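# Descriptive analysis of the structure
Chain by chain, the residues run as shown.
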Amino acid sequence: MLDFLAVTLSGEPPQIVQGKTDTLHWQWLGEGMLILTPHRDYSQSIVISAGIHGNETAPIEILNQLVTDLFSGKLPLAVRLLVLLGNPAAIIAGKRYINNDINRMFGGRYQNYPSDNETQRVEELEKVISAFFLTGHQTARLHYDLHTAIRGSNHTRFALLPYQQTPYSAAMVRWLRDIELEALVMHTSAGGTFAHFSSECHQAASCTLELGKALPFGENQLSNFNGVSRGLRTLVSGEELPACTTETMLFYRVVKSLLKQHSDFTLRVADDLVNFTRFPQGTLLTEQPNEYYRVQHENEWILFPNPKVALGLRAGIMLVQMDESELPTA
């Protein structure tokens, strides 16, 4: 049986690159890239990715256990499935990334960076996911990109929807609620994330899932993510996911990206500030030459504050709460 994570971390391809089990056919496409096709008919083509940031280990462990159970037959496969470990070099190094954040490079944006192993990896991931979605049966397309955050959060489990001009999948939003997420964030402008690439270029129902705080391998309390793990397992096995009985998920939309445009940039938040901290109108949050940002709305919530990003990248995003009815779905 193929040990997906161990083979990926070895840096060497498996001796056998394709095979069959009683329930599926598998093919090793390259480092950290595996396609699984059920023997039975299927109606969905699903991508599940993790390790785009190498130090975000909980999603990697969740995905590896999913693959292990599919290979053993403990979990049946009812969909065409592509599993991806995004940045193996960073996973091995235990770092978020080696040179640059690859989750800012998708949609061809890697061409704006000096060529290195990470830009080449983004190009490879784009080609693999494109080939996956463009071959095989005409099926529903989904992509869930699994992450953890640098900081703690007032919402431990939340999702981010990429900006798109068409309605979001109502079934996906219902699934996100049923896996017991606490919050859903809607982007309002295009970005270079993996989830945005799948949505923009392949019209996949896609989102980024944030599952707690980044910790080293072996230190994750995976029981905290039972809802997410159960949701992924029912998704690939074709089973019904029990409906969430408590309507507690909050909805937010992005109103401002705090871009770091100058080396003399100040983000006026504490080093230990958690995601989804609320600031009242008028609060000064960023300063740089010829520009500052004060909270514009009655209340705004900050997400992913990080003043150490490279020039030109966002040092945080500001959110306002919205009603679920404001989220366009179909």
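Residues numbered from 1 in each chain as written. Predicted model: local features only at pLDDT ≥ 70, side-chain atom pairs only at ≥ 80, totals over all residues. Heavy atoms only, no water.

With that settled, consider empty space enclosed by the protein. The tally for this structure, following the rule as stated, stands at 2 cavities of 30 Å³ or more. Computed from the structure, the largest cavity encloses a volume of approximately 40 Å³. Lining the largest cavity are 11 residues; nearest its centre among them are Phe133, Thr135, His137, Thr139 and Arg141. A per-element tally of the lining of the largest cavity places helix 4 (residues 117-134) first, with 3 residues. Its residues placed into classes, the lining of the largest cavity shows 3 nonpolar, 6 polar and 2 charged. Estimates place the volume of the second largest cavity at around 40 Å³. Residue assignment for the lining of the second largest cavity shows that the elements contributing at least two residues are strand 10 (250-259), strand 13 (284-288) and strand 14 (291-294). Among the elements that make up the lining of the second largest cavity, the one with the highest residue count is strand 10 (4 residues). For the lining of the second largest cavity, the residue count by class is 4 nonpolar, 3 polar and 2 charged. (1 Å grid on protein atoms, 1.4 Å probe; cavity = no way out; pocket = protein on both sides within 12 Å on 5 of 7 lines; lining within 4 Å. Points joined across faces, edges and corners; volume = space filled by probe spheres on them. Helix = DSSP H or I, 4+ residues; strand = E, 2+ residues; numbered from the N terminus. Nonpolar A, V, L, I, M, F, W, Y, C, P; charged D, E, K, R; others polar.)

If you look at the biggest cluster of nonpolar residues, it comprises 55 residues, and the most contacted ones within it are Leu34, Leu81, Tyr144, Leu176 and Leu209. Considering each element in turn, this core owes the most residues, 8 residues, to helix 2 (residues 57-72). The next biggest cluster of nonpolar side chains, apart from the first, holds 19 residues, and it includes Ile35, Tyr110, Ile129 and Phe132. (Core = buried A, V, L, I, M, F, W, Y, C linked by side-chain atoms within 4.5 Å. Buried < 20%, exposed > 50% of the residue type's maximum accessible area, 1.4 Å probe, protein only.)

Moving on, we come to the UniProt feature "binding site: Zn(2+)" (unreviewed entry) in the protein chain. Annotation from UniProt places "binding site: Zn(2+)" (unreviewed entry) at His53, Glu56 and His147. The greatest C-alpha distance among the annotated residues, which extend across 95 residues, is 7.5 Å, indicating that they converge on a single site. Checked against the lining of the largest pocket, the annotated residues reduce to His53, Glu56 and His147. Residue His53 is classed as buried on the basis of its relative accessible area of 3%. (UniProt positions renumbered as here; feature names shortened; annotations may be inferred.)

This next bit is on the layout of surface pockets. Counted as a void, the largest pocket has a volume near 1,000 Å³. If you go around the largest pocket, you meet 49 residues; those closest to its centre are Arg96, Asp101, Arg104, Phe304 and Arg314. Broken down by secondary-structure element, the contributors of at least two residues to the lining of the largest pocket are strand 6 (140-149), strand 7 (157-161), helix 6 (194-202), strand 9 (205-213), strand 10 and strand 16 (314-322). Residues that form the lining of the largest pocket fall into these classes: 20 nonpolar, 19 polar and 10 charged. Volume-wise, the second largest pocket comes out at about 350 Å³. Around the second largest pocket sit 18 residues that line it, and Gln44, Leu142, Ala171, Trp175 and Leu235 are the ones nearest its centre. Looking at the lining of the second largest pocket, the elements that each hand over two or more residues are strand 6, helix 5 (170-178) and helix 7 (226-237). The biggest single contributor to the lining of the second largest pocket is helix 5, with 5 residues. Of the residues in the lining of the second largest pocket, the class split is 9 nonpolar, 4 polar and 5 charged.

Right, let's get into the side chain of Ser237. By the element assignment, Ser237 lies in helix 7. Every residue in contact with Ser237, bar those within four places of it in the chain, is listed here: Arg40, Leu75, Pro76 and Ala78. (Contact = heavy atoms within 4.5 Å.)

For helix 6, a buried count of 7 out of 9 residues is recorded, marking the element as mostly surrounded by other parts of the structure. Taken as a whole, helix 6 has its buried residues at Phe194, Ala195, His196, Phe197, Ser198, Ser199 and His202. Elements that come into contact with the buried residues of helix 6 comprise strand 4 (44-50), strand 5 (80-85), helix 4, strand 6 and strand 9. Where helix 6 ends, the next residue or the one after it, Gln203, has phi of about 55 degrees, a positive value.

This part covers the pattern of salt bridges. As enumerated under the stated definition, the model contains 11 salt bridges in all. Here Arg174 and Asp178 are joined by a salt bridge, their closest N and O atoms 3.1 Å apart. Of the two residues, Arg174 and Asp178 both sit in helix 5, 4 residues apart, roughly one turn of that helix. When its relative accessible area of 33% is taken as the criterion, Arg174 is described as partly exposed. Each of Glu56, Arg96, Asp101 and Arg104 takes part in a single network of salt bridges with overlapping partners. (Salt bridge = Lys/Arg side-chain N within 4 Å of Asp/Glu carboxyl O.)

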